[in-house]
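What follows is each chain in one-letter form.
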Amino acid sequence: MDGFFALALTNLSSPLILCFVLGVAAALARSDLNFPEAAAKALSLYLLFAIGFKGGVAVSDHGIDLALGTTLIAGIVLSALLPFIAFGLLRVLTNLDRTNAAAVAGHYGSISIVTFVAGTSVLESQGLMYEGYMVAVAAAMEAPAILSALWLISAGGASNGKSRMDAHLWREILLNGSIVLLIGSFVIGFITGQEGLKEISSFIVSPFKGVLCLFLLDMGIVAGRGLRNSRGSITLGLLAFGILMPIVGAAIGAVAGAALGLSTGGVLLLMVLSASASYIAVPAAMRVAVPEADPGIYLTLSLGITFPFNLTIGIPLYLAAARIVTGG
Amino acid sequence: MDGFFALALTNLSSPLILCFVLGVAAALARSDLNFPEAAAKALSLYLLFAIGFKGGVAVSDHGIDLALGTTLIAGIVLSALLPFIAFGLLRVLTNLDRTNAAAVAGHYGSISIVTFVAGTSVLESQGLMYEGYMVAVAAAMEAPAILSALWLISAGGASNGKSRMDAHLWREILLNGSIVLLIGSFVIGFITGQEGLKEISSFIVSPFKGVLCLFLLDMGIVAGRGLRNSRGSITLGLLAFGILMPIVGAAIGAVAGAALGLSTGGVLLLMVLSASASYIAVPAAMRVAVPEADPGIYLTLSLGITFPFNLTIGIPLYLAAARIVTGG
Amino acid sequence: MDGFFALALTNLSSPLILCFVLGVAAALARSDLNFPEAAAKALSLYLLFAIGFKGGVAVSDHGIDLALGTTLIAGIVLSALLPFIAFGLLRVLTNLDRTNAAAVAGHYGSISIVTFVAGTSVLESQGLMYEGYMVAVAAAMEAPAILSALWLISAGGASNGKSRMDAHLWREILLNGSIVLLIGSFVIGFITGQEGLKEISSFIVSPFKGVLCLFLLDMGIVAGRGLRNSRGSITLGLLAFGILMPIVGAAIGAVAGAALGLSTGGVLLLMVLSASASYIAVPAAMRVAVPEADPGIYLTLSLGITFPFNLTIGIPLYLAAARIVTGG
Amino acid sequence: MQTHDAKRVAIIIETPMKRRLVAAIEEAGVSGYSILPVEGGSGRSGPWSREGQVGRAGGMSQVICVIRPDRLDTLLEAIFSVVERHIGVVTVSDCQVLRAERF
Amino acid sequence: MQTHDAKRVAIIIETPMKRRLVAAIEEAGVSGYSILPVEGGSGRSGPWSREGQVGRAGGMSQVICVIRPDRLDTLLEAIFSVVERHIGVVTVSDCQVLRAERF
Amino acid sequence: MQTHDAKRVAIIIETPMKRRLVAAIEEAGVSGYSILPVEGGSGRSGPWSREGQVGRAGGMSQVICVIRPDRLDTLLEAIFSVVERHIGVVTVSDCQVLRAERF
Ligand SMILES: Nc1ncnc2c1ncn2[C@@H]1O[C@H](COP(=O)(O)O)[C@@H](O)[C@H]1O
Ligand SMILES: Nc1ncnc2c1ncn2[C@@H]1O[C@H](COP(=O)(O)O)[C@@H](O)[C@H]1O
Ligand SMILES: Nc1ncnc2c1ncn2[C@@H]1O[C@H](COP(=O)(O)O)[C@@H](O)[C@H]1O
Ligand code: NA
Ligand code: NA
Ligand code: NA
């Protein structure tokens, strides 16, 4: 636990977190500081490209093995199962109706790639290795949770879940830009290996953390605005869920990671993926498939509560736990 | 003076200035070369973040001392007083009415952060140090001049200055994005120190000058368009003011800087701040509070005349003077 | 030829080409992966600035000589002549009407700066030098082809070519943003030389290839969308033209380059310029001057067929040929 | 100058629904429309803004169709089938067009 | 398809005034509006363009409100109180809306 | 609130033609207009979208002019001289304006 406090402190005083805090503060103070939409999107494309590419290079260094396959499957199963746990927890802690509860639950089965990136960045500053293919696991965990959420809604009989999932929506989810770029750059990194990395490392490796700082600043602004706009609509029960659920998710991720025999870094990342909640892919899918669910609830929860929690306290906590679990 | 000419020449043939000149030339030739608004804004966010962060790190290296406080106060006083001098000069040199003269005067009390950045960049290539907290002084000098301008208008009895300054406008000025980002990243740099800088220096230090080049290219385009559009509306008196006022401001800044016991670099930067005129924060405030003042006048003056003057001839001139004043 | 296959393979598995392929694949799969327009434009401004600047520095290193002048003139002549060859080839291979054939032909006389950049990047990874002024030749080759295309149309009597070329359009073509930035940064690089390059090389040299990767990813998306939208409208004859014409152009470029006594790298770049087709400057000019020509045809050809062909197979092929021609 | 009566239908809709709306419009036999970005706004579901938007999942877009009056009903039905369960605003107004043969 | 009469009010105003205009609209009891970016234009104060604009202090935005006809006057007065001293254009036109219960 | 009759002319045109259109409008003595970005659309020449557009040569923009009714014909002729050979849509609708002295 000592290690946790030391790490939490280092983490909290890293430029990454402080930039996020600055963003939240600026938004709460109603400053007009903001990033142009195009710039924010460009930053996120850069991050996805860099993280995917580096993951691919790491896998090409160590070769493909069985662990990759089993971890991928574990990720998919986690993504599909976590919504049910989230749904149960929501029913206990809050009085959300079935539709809204299911929609929120879907977000928590899926993942937040920025939280993942922040996790890798903490690992690097701790000098810990992780399995390169965790990037692919992240991509695989984006979508299954959406199906679980729709199943939860249709199981309630309110309306037919299948009719909500037309072929169009399927394609949109599976081929959404983030997944394609992540997987695509992973494959490119895998093919070109260290050779390719050397050519572009002064673009995707050295400035990476700085770009992440600016991106987290923007995320902070966005999260802060969400919090400001949602004052009132977030009950104590929801707040409790937003903090409890990532811890539950991380615990399940830890068990899975240990069972898979991942490294300490790998376990941490699987915990982070399980603990984090989507705020890009799933909300867009929900607007199409479940327009009657309130985006004010699921976005505020995932982006305004769970995301900052994971970023600040969660990751150090999970790392301490991952060390215990793996004896690392 | 020999040193001045050598420096002026080096300055004029640096990529920074040449990029600015290219932008002006492209705009005057009516080329369609231009930067997307989002890209220009992203570049300016980057510059503010980098300059604030580095300033904070510098202060954390040398510790906070009394000089920081007194220089901050001096900056605020300068920003509040310079508009009165500008106003007097305008009344002598031009026949602007009270409202327009006051609006222009407000711009010259406030500062241009890009001119400041160009100043630091010249210092660096000359191997001169400067007080890291000058960044904070720059932020402090943004707003007071606006109050002086409004006081000048209301003193004319034309309308009540207080009614122009509603709480809304107050917040907008004090919490405008540039100030928040500059101060925020300054604080982050101060907290994380060299440690934090090392993590992100390949993002905010090494590529800094190159980004500044592109930004000045864009500024050149903007300034050139302003000049082209304003042909005719700029009289000889206004032109004289646009060049005289920065020199007067710089002289006052030099006296203040020497009195405060700043280093040669510090004196230069205080001169640059006093000499430069705002073209972001103040114009936006004036559009809200004094819509009857003509933006064509104050923008052309600050961006089309004073900004290029400072950038090309002003800074080398002020540096020669700062060297004499500090015996450096 | 052995060298060609080895090089083609290296080329095809470089991150640059793989990024392009990823973009095409994403677009064909109808993924919503895309770059904000502003980001794509910012990337292209960066590339133009970097390539121009480095060209200028190279020329300032080696000094201006007669070869620069003769190569410039050769470039202008090539740009003006190639449309006639393209027009003839189109009349043989396809049944396009005169107007459309002339519009397409104009694109092939002009150049694609990204293909040029990809060529320099292959040269660098092969450790081959090239004449720095080839950047200026690229700029000079942008416009003459447009005149030839308009002449071809008016020669058909359909309408008066002169009336299509008003002064306004002339200025737009000669002062279009790309040309101005390329020439401008070339001049700046020439003036500041190695000195200036040192100051900004960690912005324009080290991250260059990585930025090019992202840009090619975006180009791939754009090309892929073009192909998807044009399915049906591209006949076999057009396809043949899109692949034959660059080879013919490259052959002519090779003869010219050898006659001029260029280095192996210089010959390659002249071949690449001759082989590549415009998809920015010429299409915009054609929309104004020849609105009745179908952009679906010329854009798909230049961007959907010739650009990928040059990028993947063309450049290695031309390099093998350039080596033979120059005995290098 | 000769002008012809036409109807201008403007739909403000969530961006993730845009593709579906356009598909419905095309199915109704209307092949002319324009899409305009919307920067922000407010409605029954509260205020929002494209920049600094929570999650950037959404945002709204405006789709504008200019059509011959006699095709209005078919188009409105097609539009309604998409917007029914969703937030958004549909307005119709009279206008005149040049070059009626285009519609 | 059943449509209802409504009024479409479009205001082109300087971006720094946007917040104030929106506040006035909301105070007048109108909670539905959309904001569209404006890229450039020209008026009595001369031409301007968002890209490469002098100082980027400004730029214009367009605010669109669709309202029930009986609320027009209140809204126009609210709008006028803001735009009065400022540059900008206010237009009102007739339109029909689907789903009138929304307005 | 006192309003005055006016005409709202909206032209959707290819971006490379925008400068020429604006020049023609100004030559016709109309100095007030606004330019709005268009994100995508479809017409007789098929669908297109600003992002990921083939070659980015083009894209469309919307130019809006609000004018006094008596100047409509002159304006339409000026517009027509530019759009004649080009793709694009021109609509005219009735509207009311505040502050008629501006037009
Ligand atoms: N009366 C209105 N006038 C103009 N735009 C509106 C109006 N009502 C709603 N909108 C737009 O439609 C979006 C969704 O509206 P709503 O479905 O009422 O939440 C808002 O954010 C606005 O952009
Ligand atoms: N008649 C008009 N039609 C459309 N937009 C206009 C008109 N007049 C002014 N505008 C817009 O409003 C802005 C300010 O106009 P003004 O107050 O006349 O300078 C212009 O830059 C245009 O964007
Ligand atoms: N009926 C229409 N309603 C709205 N916009 C249209 C319409 N027809 C065409 N457009 C716009 O004008 C562009 C060119 O149209 P066209 O000349 O028919 O190819 C399209 O891409 C649309 O953006
Ligand atoms: Na999760
Ligand atoms: Na000043
Ligand atoms: Na060519």
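Predicted, not measured: the structure shown is a model, and the values here were computed from it.

## Some remarks on the overall build of chain A
Okay, step 1: Secondary structure assignment for chain A yields 16 helices and zero strands.
Okay, step 2: For a compact globule of 328 residues, the expected C-alpha radius of gyration is about 20 Å, and chain A comes in at 19 Å, within 12% of that figure.
Okay, step 3: Along the first, second and third principal axes, the C-alpha set of chain A runs to 55 × 45 × 40 Å.
Okay, step 4: Pairs at least 24 residues apart make up 87% of the contacts formed inside chain A by residues separated by at least 6 positions.
Okay, step 5: A total of about 10,800 Å² of accessible surface is found on chain A, and carbon and sulfur atoms cover 67% of it.

## Description of the overall build of chain D
Okay, step 1: If you tally the helices and strands in chain D, you get two helices and six strands.
Okay, step 2: Starting at the N terminus and walking to the C terminus, you meet the elements of chain D as β-α-β-β-β-β-α-β.
Okay, step 3: With the principal axes as the frame, chain D shows a C-alpha extent of 45 × 30 × 20 Å.
Okay, step 4: Considering chain D as a whole, with its 103 residues, one finds that 59% of them fall into the buried category.
Okay, step 5: Contacts in chain D between residues at least 24 apart in sequence constitute 78% of all its contacts with a sequence separation of at least 6.
Okay, step 6: For chain D, the exposed surface amounts to about 3,900 Å²; the carbon and sulfur share of it is 49%.
Okay, step 7: A distance of 6 Å separates the average location of the 13 positive side-chain charges in chain D from that of its 12 negative side-chain charges.

## So, the pattern of salt bridges
Okay, step 1: If you walk through the whole model with that rule in mind, you get 21 salt bridges over all chains.
Okay, step 2: In this structure, Lys209(B) engages Glu199(C) in a salt bridge whose closest nitrogen and oxygen atoms are separated by 2.6 Å. With Lys209(B) in helix H12 (residues 208-230) and Glu199(C) in helix H11 (residues 177-204), the pair connects residues from two separate chains.
Okay, step 3: Judged by relative accessible area, Lys209(B) falls into the buried class, the value being 16%.
Okay, step 4: When its relative accessible area of 29% is taken as the criterion, Glu199(C) is described as partly exposed.
Okay, step 5: For the salt bridge of Lys7(E) with Asp94(E), the shortest nitrogen-to-oxygen distance reads 2.6 Å. Note that Lys7(E) is positioned in strand E1 (residues 4-14) and Asp94(E) in strand E6 (residues 88-97), a separation of 87 residues in sequence.
Okay, step 6: Assessed through its relative accessible area of 16%, Lys7(E) is described here as buried.

## Notes on the site of ligand 2
Okay, step 1: Looking at ligand 2, there are 19 residues lining it, with Arg44(E), Ser45(E), Trp48(E), Ser34(F) and Val66(F) nearest.
Okay, step 2: Site remark: ligand 2 is flanked by residues from chains E and F.
Okay, step 3: Take Ser34(F): an N or O atom from its side chain is 2.8 Å from an oxygen atom of ligand 2.
Okay, step 4: When isolated, ligand 2 has an accessible area of 480 Å², and the protein chains bury 97% of it.
Okay, step 5: Among the elements of the structure, strand E3 (40-43) and E6 of chain E together with strand E2 (33-37) and strand E5 (60-67) of chain F are those that each provide at least two residues to the shell around ligand 2.
Okay, step 6: Here the shell around ligand 2 is composed, by residue class, of 10 nonpolar, seven polar and two charged.

## Quick look at the confidence of the model for chain D
Okay, step 1: Overall, the prediction assigns chain D a mean pLDDT of 86, with 92% of residues at 70 or greater.
Okay, step 2: Model confidence for the complex: the whole-complex pTM is 0.93, and ipTM, which rates the interface, is 0.92.

## As for the coordination of the sodium ion (ligand 4)
Okay, step 1: Protein-derived ligands of the sodium ion (ligand 4) are Tyr108(A) (O), Ser110(A) (O), Leu273(A) (O), Ser274(A) (O) and Ser276(A) (O), with the metal-ligand distances lying across 2.4 to 2.8 Å.
Okay, step 2: Linear spacing of the donor residues for the sodium ion (ligand 4) on their chain is Y-x1-S-x162-L-S-x1-S.

## Topic: the packing of aromatic side chains
Okay, step 1: Counting across every chain of the model gives 24 aromatic pairs over all chains.
Okay, step 2: Ring plane angle 80 degrees and centroid distance 5.2 Å describe the contact between Tyr46(A) and Phe203(A), whose orientation is recorded as edge-to-face. Of the two residues, Tyr46(A) is situated in helix H3 (residues 37-62) and Phe203(A) in helix H11 (residues 177-204); the sequence distance between them amounts to 157 residues. Across the pair, exposure class does not vary: Tyr46(A) and Phe203(A) are buried alike.
Okay, step 3: Summarising the aromatic geometry, the rings of Phe49(B) and Phe53(B) are spaced 5.8 Å apart at their centres and angled 45 degrees between planes, so their arrangement reads as tilted. Here Phe49(B) and its partner Phe53(B) are both found in helix H3 (residues 37-62), four residues apart, which amounts to about one turn of the helix.
Okay, step 4: When its relative accessible area of 0% is taken as the criterion, Phe49(B) is described as buried.
Okay, step 5: Overall, the relative accessible area of 0% leaves Phe53(B) in the buried class.

## Regarding the site of ligand 1
Okay, step 1: Surveying the vicinity of ligand 1 reveals 19 residues, the closest of which are Arg44(D), Ser45(D), Trp48(D), Ser34(E) and Val66(E).
Okay, step 2: Near ligand 1, the surrounding residues are drawn from chains D and E.
Okay, step 3: Gly88(D) places a polar main-chain atom, nitrogen or oxygen, 3.3 Å from an oxygen atom of ligand 1.
Okay, step 4: Within the backbone of Val66(E), one N or O atom sits 2.7 Å away from a nitrogen atom of ligand 1.
Okay, step 5: When ligand 1 is considered free in solution it has 480 Å² of accessible area, and contact with the protein chains removes 97% of it.
Okay, step 6: Looking at the shell around ligand 1, the elements that each hand over two or more residues are strand E3 (40-43) and strand E6 (88-97) of chain D together with strand E2 (33-37) and strand E5 (60-67) of chain E.
Okay, step 7: Along the lines of polarity and charge, the residues of the shell around ligand 1 split into 10 nonpolar, seven polar and two charged.

## Points about H3(A)
Three or four residues apart is the spacing at which side chains of an α-helix point the same way, because the helix has 3.6 residues per turn.
Okay, step 1: The terminal C-alpha atoms of H3(A), which comprises 26 residues, lie 38 Å apart, in line with the 38 Å expected from a rise of 1.5 Å per residue.
Okay, step 2: Immediately downstream of H3(A), the backbone of Gly63(A) shows phi near 80 degrees, a positive value.

## Considering the interface of chain E and chain F
Okay, step 1: In this assembly, 27 residues from chain E lie in contact with 23 residues from chain F.
Okay, step 2: Of the roughly 2,100 Å² buried at the junction of chain E and chain F (both faces included), carbon and sulfur atoms supply 53%.
Okay, step 3: Of all residues in chain E, Glu39(E), Ser42(E) and Arg44(E) give up the largest surface area on contact with chain F, accounting jointly for 25% of the area buried on that side.
Okay, step 4: Summed over the shared surface of chain E and chain F, the number is one salt bridge.
Okay, step 5: Inspection of the chain E/chain F interface yields eight residue pairs in polar contact (both at pLDDT 80 or more).
Okay, step 6: Taken together, the elements giving at least two residues each to the side of chain E that touches chain F come down to E1, E2, E3, helix H2 (72-83) and E6 of chain E.
Okay, step 7: A total of six residues in the side of chain E that touches chain F trace back to one element, the largest contributor, which is E6(E).
Okay, step 8: Across the side of chain E that touches chain F, the residue classes break down as 12 nonpolar, nine polar and six charged.

## Some thoughts on the relation of the copies chain E and chain F
Okay, step 1: In the superposition of chain E on chain F (RMSD 0.0 Å, axial shift 0.0 Å), the rotation amounts to 120 degrees. Taken together, these values place the two copies in the relation of a three-fold axis. Ranked by how close their C-alpha atoms come to the rotation axis, the residues of chain E are headed by Pro37(E), at 4.2 Å.
Okay, step 2: A share of only 11% of the interface residues of chain E reappears at the interface of chain F, consistent with the copies meeting through non-equivalent patches.

## Considerations on the pairing of E2(F)
Residue and element names in this part refer to chain F.
Okay, step 1: Of all five residues in E2, five are buried; the element is thus mostly enclosed.
Okay, step 2: Burial along E2 is two-sided: the face carrying Tyr33, Ile35 and Pro37 and the face carrying Ser34 and Leu36 are both buried.
Okay, step 3: Sheet analysis places E2 next to E5, joined by four bridges and oriented antiparallel. In the strand pairing of E5, serine 34 is matched with isoleucine 64.

Scoring rules and cut-offs
- Residues numbered from 1 in each chain as written.
- Chains lettered and ligands numbered in written order.
- Predicted model: local features only at pLDDT ≥ 70, side-chain atom pairs only at ≥ 80, totals over all residues.
- Heavy atoms only, no water.
- Helix = DSSP H or I, 4+ residues; strand = E, 2+ residues; numbered from the N terminus.
- Rg over C-alpha atoms; globule rule 2.2 N^0.38 Å.
- Contact = heavy atoms within 4.5 Å.
- Areas by Shrake-Rupley, 256 points an atom, 1.4 Å probe, with all protein chains shown as cover.
- Buried < 20%, exposed > 50% of the residue type's maximum accessible area, 1.4 Å probe, protein only.
- Lys, Arg positive; Asp, Glu negative; His and termini not counted.
- Charge placed at Lys NZ, Arg CZ, Asp CG, Glu CD.
- Salt bridge = Lys/Arg side-chain N within 4 Å of Asp/Glu carboxyl O.
- Near = heavy atom within 4 Å.
- Polar contact = N/O pair within 3.5 Å; in protein donor to acceptor, adjacent residues only side chain to side chain.
- Nonpolar A, V, L, I, M, F, W, Y, C, P; charged D, E, K, R; others polar.
- pLDDT = per-residue confidence, 0-100.
- Donors = N, O, S within 2.8 Å, 3.2 Å for Na, K, Ca; no water.
- Phe/Tyr/Trp six-rings, centres within 6.5 Å; stacked < 30°, edge-to-face > 60°.
- Expected span 1.5 Å × (residues − 1).
- Buried area = accessible area lost by both parts, 1.4 Å probe.
- Least-squares fit on C-alpha atoms with pLDDT ≥ 70 in both.
- Pairing = 2+ DSSP bridges.

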